[in-house]
Amino acid sequence: MLEIKNVSKTFDGPDGKVEALKDTNLSLKPGEFLAIHGPSGSGKSTLLLTAAGMLAPDKGKVFLEEQDFYSLSVNKRSILRSKKIGFVFQQFCLVNYLSVAENIMSPSAALGCDNCWQRAKELMKKFNLEHRANHYPAQLSTGERQRVAMARAMFNNPAIIMADEPTGNLDEDNSKVLIDFLLDFKNKNGAVIIVTHDSRIIDFADRSIKLNEGMVL
């Protein structure tokens, strides 16, 4: 489903070049839950963004369902990502001037849909957000914002959920809700990649890898 081959990524830092990823390899199959962990600055978020088609590598290839992700035009890559990947950012990245319902429906901008409102209602019910449909992100609790971000990621029925520290800002109860959802998604043959420091997620994962200084250990 997803394969990363010999990917390297370098950034310009204040003291010179920083190698965020060094000849990194990774694969993911349907129904697999993968946790990526490691110290801060080890390249975890860079790897996740590269896997999601948001950050082009300097070297190497990323294949999504056997398509060379970065050989596609920006528009075609965006469409493929919208169809196949639901991404949850660490700080949620909700649009402040859109309501909960509008944030959840925002992925339809890439693909369009004939029943956007019905799909949004289904997701709001699933994530217990129906009573917040017309609220804005500033009016929500942290747990509610995370649930909106997850509902948005699910809007286009993706094959893969990718999430960057999804429980980092959540209390124990909200973390459990999120973990249970991800396990349910995985059990329905969805694939999950999580960047995390949370030992509970690592324990639930089918497989975990550790990054250090841009390399898989």
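Refer to the preceding data block for the structure.
Summarised in this report is the structure supplied together with it.

Definitions and cut-offs
- Residues numbered from 1 in each chain as written.
- Predicted model: local features only at pLDDT ≥ 70, side-chain atom pairs only at ≥ 80, totals over all residues.
- Heavy atoms only, no water.
- Salt bridge = Lys/Arg side-chain N within 4 Å of Asp/Glu carboxyl O.
- Pairing = 2+ DSSP bridges.
- Helix = DSSP H or I, 4+ residues; strand = E, 2+ residues; numbered from the N terminus.
- Contact = heavy atoms within 4.5 Å.
- Axes fitted to C-alpha atoms, helices over the stretch in contact; angles between N-to-C directions.
- Phe/Tyr/Trp six-rings, centres within 6.5 Å; stacked < 30°, edge-to-face > 60°.
- Core = buried A, V, L, I, M, F, W, Y, C linked by side-chain atoms within 4.5 Å.
- Buried < 20%, exposed > 50% of the residue type's maximum accessible area, 1.4 Å probe, protein only.

Overall, the coordinates contain 12 salt bridges when judged by the stated rule. A salt bridge links Lys-5 to Glu-3; the shortest N-O distance between them is 4.0 Å. For the salt bridge of Lys-188 with Asp-184, the shortest nitrogen-to-oxygen distance reads 3.2 Å.

Here the focus is the sheet that holds strand S9 (residues 207-212). Ordered in space as S6-S7-S8-S3-S9-S10, the six strands form an open sheet in which the pairing is mixed. Where the open sheet ends on each side, the last strands, each with one partner, are strand S6 (85-88) and strand S10 (215-216). As paired strands, S6 and strand S7 (residues 160-164) are joined by four bridges and run parallel to one another. Bridge pairing in S7 places Ile-85 opposite Ile-160. Each of S6 and S7 touches helix H6 (residues 142-154); the most contacted strand, S6, lies at about 165 degrees to it. Those strands touched by helix H7 (residues 172-187) are strand S3 (33-37), S7 and strand S8 (191-195), and its axis lies near 145 degrees from that of S8.

It is worth spelling out the packing of aromatic side chains at this point. Summed over the entire model, instances satisfying the criterion amount to four aromatic pairs. Here a set of aromatic residues connected by ring pairs shows up, and it is made of Phe-127, Phe-181 and Phe-185.

Further remarks concern the nonpolar core. If you look at the biggest cluster of nonpolar residues, it comprises 37 residues, and the most contacted ones within it are Phe-33, Ile-104, Met-124, Met-150 and Leu-182. Mapped by element, the contributors of at least two residues to this core are S3, helix H3 (100-105), helix H5 (116-126), H6, S7, H7 and S8. Leu-34, Ile-36, Leu-47 and Val-195 belong to the second-largest nonpolar core, a separate cluster that totals 27 residues.

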